[in-house]
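Structural description and commentary
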Amino acid sequence: MNFQLTEEHFAVQQAARDFAQTELLPGVIERDAHQKFPTEQVRKMGELGFLGMMVDPKYNGGGMDSISYVLAMEEISKVDASASVCMSVNNSLVCWGLEKYGSEEQKEKYLKKLAVEGIGAFCLSEPEAGSDATSQRTTAEDKGDYYLLNGTKNWITNGSTASVYIVIAQTDASKKHKGINALIVEKGMPGFVVGKKEDKMGIRGSDTHSLMFTDVKVPKANRIGDDGFGFSFAMTTLNGGRIGIASQALGIAAGAYELAVKYSKERKAFGKMLAEHQAIQFKLADMATKIDAARLLVHQAAWLKDQKKDFVKAAAMAKLFASQIAQDVTTEAVQIHGGYGYVKEYHVERLMRDAKITQIYEGTTEIQKMVISRELLR
Ligand code: CAA
C-alpha cells in the first residue's frame, strides 16, 4: 500500500475541508436541534462533485479513486455527519451499485442525475429484517413486464429527500435469498408513500424515514441485474458502503479530537493550560493513536478496492474499528471539555451522539464480526 497521497488527493481533501468549514459549520448546531436536512448544503456538495466522486465522468461523475472519497468523507464528517451520511449513501450505495450493475439505460436515466444532484436512497432494512437481511418481507411479484411492489422499509437514510430509491424485495420466497431483486423506484410512483420521520439520538440533520409500498408497479427495466441478483447486489454494495461509514466514523473521531486539542490549549485549570496536564496529554495521545490506526484501516480498505483486490474483510475491519474508536474518542473529547463538553455550543456532545450510529447502520458491529470471521475461516 502506498502511503503517499498525490497532489490531487491533497486538493480534494482541502476542498472538502474548506467546504465543511465555510458551508457546513455555520448552522450545524441548529440543524441538529431542529432535525433540519442540509438541503442547500447538499445541493452545493453536488455542484462541487462530492455526490458522485467515483462515478465515471461519462456519467457526470468525478472519476476519482476511493482514497479521494474517504479523504473527503473524513473532512465533511468532522463537521457534519448528517451531511456525510447523505454523501456516503449516494456515492457508495446508490451510484456505485448502479454504475457497476445497472443497465446502460438505467445509467443514462438515473446515474447521470444522481452523480451531480443526488439524492438516492438504499432500501434494505425492514421492521423485521435489519441485520437478518435475507428475511425480506417486502415482495416484488413478477407480473410480466413489471413487478408489483408491496411492503414497508424502515430507517431509510435520505428517506424523504431522495428522488431515486433502490428497493430490495423478495420475488420468489422458495428460492430464499436467490429469489430477491433490487428495483429502482422513483419518488411519485403511484402507491409509494414516504412514512414517518424518525426522531433520532444523532445525525439528526439526516432524514430517516419509513417507506410504504402498496401495489407499486415497477417496470422490469428498473430491475438491477438478472432475476434473483438482488441480495448479492445488496451485499456487494454494502461491502463498499462500509468503507464510507468507516470514513465517517473516522471523521467524527478526528473532528472531536481536533476540538479537544484546541480546547486544551485555551482552557486553564490549576494555574496551567489543560494541555500541560499529563492526565490530558495521555488522553490526547490515546485518541490520536486510535485515530491514526483507524485511518490506516480505512485507507487500506479503500486502496484494496481501488486495486480491484478483495476488500470485504478490510472494509468490515475498518468499519468495526473506526466505529468503536469514534465512541471512545468522542467520549474523551466531551470529558476533556468538562461541563462545556456537555452543552451544544462546543460541538463535541453532538459528535458523541453522532458516533453511535456508525456502530449500527450498514451492518452492526456484530455483523462486521460475522463478516470478518467468515472471511478468516473460509
Ligand atoms: N459480500 C458479498 N456477498 C455476501 C456477503 C458479503 N459481505 N455476505 C454474504 N454474502 C452472500 C453469500 O455469499 C450468500 O450468497 P450465495 O448463496 O450466492 O453464496 C448470500 O449472501 C447469503 O449469505 P449467508 O448464507 O451468509 O446469509 P446469512 O443470512 O447467514 O448472513 C449477512 C448474511 C452477512 C448477515 C447479511 O444478512 C448482512 O450483511 N446483514 C447486515 C445487513 C446490513 O448491513 N444492513 C444495513 C442496512 S443498509 C443501511 O444501513 C443504509 C443506510 O441507509 C445508511
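For the chain, the name recorded in an unreviewed UniProt entry is Acyl-CoA dehydrogenase, with Chryseolinea lacunae as its organism. Turning to the chain, the UniProt record has this under Cofactor (unreviewed entry): "FAD". The annotation that UniProt attaches to the chain under Sequence similarities (unreviewed entry) is "Belongs to the acyl-CoA dehydrogenase family."

1. Some points on the UniProt feature "domain: Acyl-CoA oxidase/dehydrogenase middle" (unreviewed entry) in the chain
Mapped onto the present numbering, the UniProt feature "domain: Acyl-CoA oxidase/dehydrogenase middle" (unreviewed entry) falls on residues 121-216. With 0% helix and 50% strand, residues 121-216 has its two end C-alpha atoms placed 17 Å apart.

2. Details of the side chain of Arg353
Along the chain, Arg353 turns up in helix α10 (residues 348-357). A polar atom in the side chain of Arg353 sits 2.9 Å from the side chain of Glu349.

3. With respect to the side chain of Thr330
Structurally, Thr330 can be placed in helix α9 (residues 312-337). Overall, the relative accessible area of 0% leaves Thr330 in the buried class. Here Ala326 takes part through its backbone oxygen, which lies 2.6 Å from a polar atom of the side chain of Thr330. Sequence-distant contacts of Thr330, that is, excluding residues within four places in its chain, are made with Ile252, Ala256, Leu351, Met352 and Ala355.

4. A word on the packing of aromatic side chains
To describe a pair of aromatic rings, you give the distance between the ring centres and the angle between the ring planes. As enumerated under the stated definition, the model contains 10 aromatic pairs in all. On the numbers, 6.0 Å between centres and 50° between planes, the contact of Phe19 with Phe50 is tilted. Taken together, the positions of Phe19 in helix α1 (residues 7-24) and Phe50 in the loop between α3 (39-47) and α4 (66-79) put the pair 31 residues apart, joining distant regions of the chain. One aromatic cluster in this structure is built from Trp96, Tyr101, Phe229 and Phe233. Seen from the ring of Tyr147, Lys220 lies directly overhead, with NZ or CZ sitting 5.2 Å from the centre.

5. Some thoughts on α1
One full turn of an α-helix is made of 3.6 residues, so residues set three or four places apart face in the same direction. Compared with an ideal rise of 1.5 Å per residue, which puts 18 residues at 26 Å, α1 spans 24 Å between its outermost C-alpha atoms and is within 8% of the ideal. In this structure, the buried residues of α1 make contact with α2 (28-34), α3, α4 and α5 (81-101).

6. As for the UniProt feature "domain: Acyl-CoA dehydrogenase/oxidase N-terminal" (unreviewed entry) in the chain
Per the UniProt record, "domain: Acyl-CoA dehydrogenase/oxidase N-terminal" (unreviewed entry) is annotated on residues 6-115. Strand forms 0% of residues 6-115 and helix 74%; the C-alpha atoms that close the span are 24 Å apart.

7. Observations concerning the site of the ligand
Among the 24 residues in the neighbourhood of the ligand, the closest are listed as Ser131, Thr157, His177, Lys178 and Arg374. Between the ligand and Thr157, the relevant distance is 2.8 Å, taken from an oxygen atom to a side-chain nitrogen or oxygen of the residue. His177 places a polar side-chain atom, nitrogen or oxygen, 2.7 Å from an oxygen atom of the ligand. Considered on its own, the ligand offers 1100 Å² of accessible surface; in the complex 72% of this is hidden by protein. Among the secondary structure elements, those contributing two or more residues to the shell around the ligand are α5, α7 (230-266) and α11 (365-377).

8. With respect to unusual backbone geometry
The omega torsion across Gly118 and Ile119 is -10°, close enough to zero to call that bond cis. Looking at the secondary structure, you find Ile119 in the loop between α6 (104-117) and β1 (120-123). Here Gln35, not a glycine, exhibits a phi torsion of approximately 50°, which is positive. Along the chain, Gln35 turns up in the loop between α2 and α3. The class for Gln35 is buried, based on a relative accessible area of 17%. For Lys308, which is not glycine, the phi torsion reads 60° and is therefore positive. Among the secondary structure elements, Lys308 is positioned in the loop between α8 (278-306) and α9. With a relative accessible area of 76%, Lys308 lands in the exposed category.

9. As for the nonpolar core
Among the nonpolar cores identified, the biggest contains 90 residues, and Met45, Phe50, Ile76, Met87 and Leu98 are the most heavily contacted of them. Setting aside anything within four residues of it in sequence, one finds Met87 in contact with Met45, Phe50, Leu51, Met53, Tyr69, Ala72, Met73 and Ile76. Of all hydrophobic cores here, the second largest spans 18 residues; its members include Ala121, Cys123, Ala162 and Phe213.

10. A closer look at α5
Taking 1.5 Å as the rise per residue, α5 with 21 residues should run 30 Å; its terminal C-alpha atoms sit 28 Å apart, in good agreement. Remark: the principal bend of α5, roughly 30°, maps to Cys95. For α5, the N-terminal capping position is held by Asp80, with its side-chain oxygen 3.0 Å away from the main-chain nitrogen of Ser82.

Definitions and limits used
Residues numbered from 1 in each chain as written. Predicted model: local features only at pLDDT ≥ 70, side-chain atom pairs only at ≥ 80, totals over all residues. Heavy atoms only, no water. UniProt positions renumbered as here; feature names shortened; annotations may be inferred. Helix = DSSP H or I, 4+ residues; strand = E, 2+ residues; numbered from the N terminus. Polar contact = N/O pair within 3.5 Å; in protein donor to acceptor, adjacent residues only side chain to side chain. Buried < 20%, exposed > 50% of the residue type's maximum accessible area, 1.4 Å probe, protein only. Contact = heavy atoms within 4.5 Å. Phe/Tyr/Trp six-rings, centres within 6.5 Å; stacked < 30°, edge-to-face > 60°. Lys NZ or Arg CZ within 6 Å of the ring centre and 35° of its normal. Expected span 1.5 Å × (residues − 1). Near = heavy atom within 4 Å. Areas by Shrake-Rupley, 256 points an atom, 1.4 Å probe, with all protein chains shown as cover. Core = buried A, V, L, I, M, F, W, Y, C linked by side-chain atoms within 4.5 Å. Bend = angle between axes of the 7 residues up to and from the residue.

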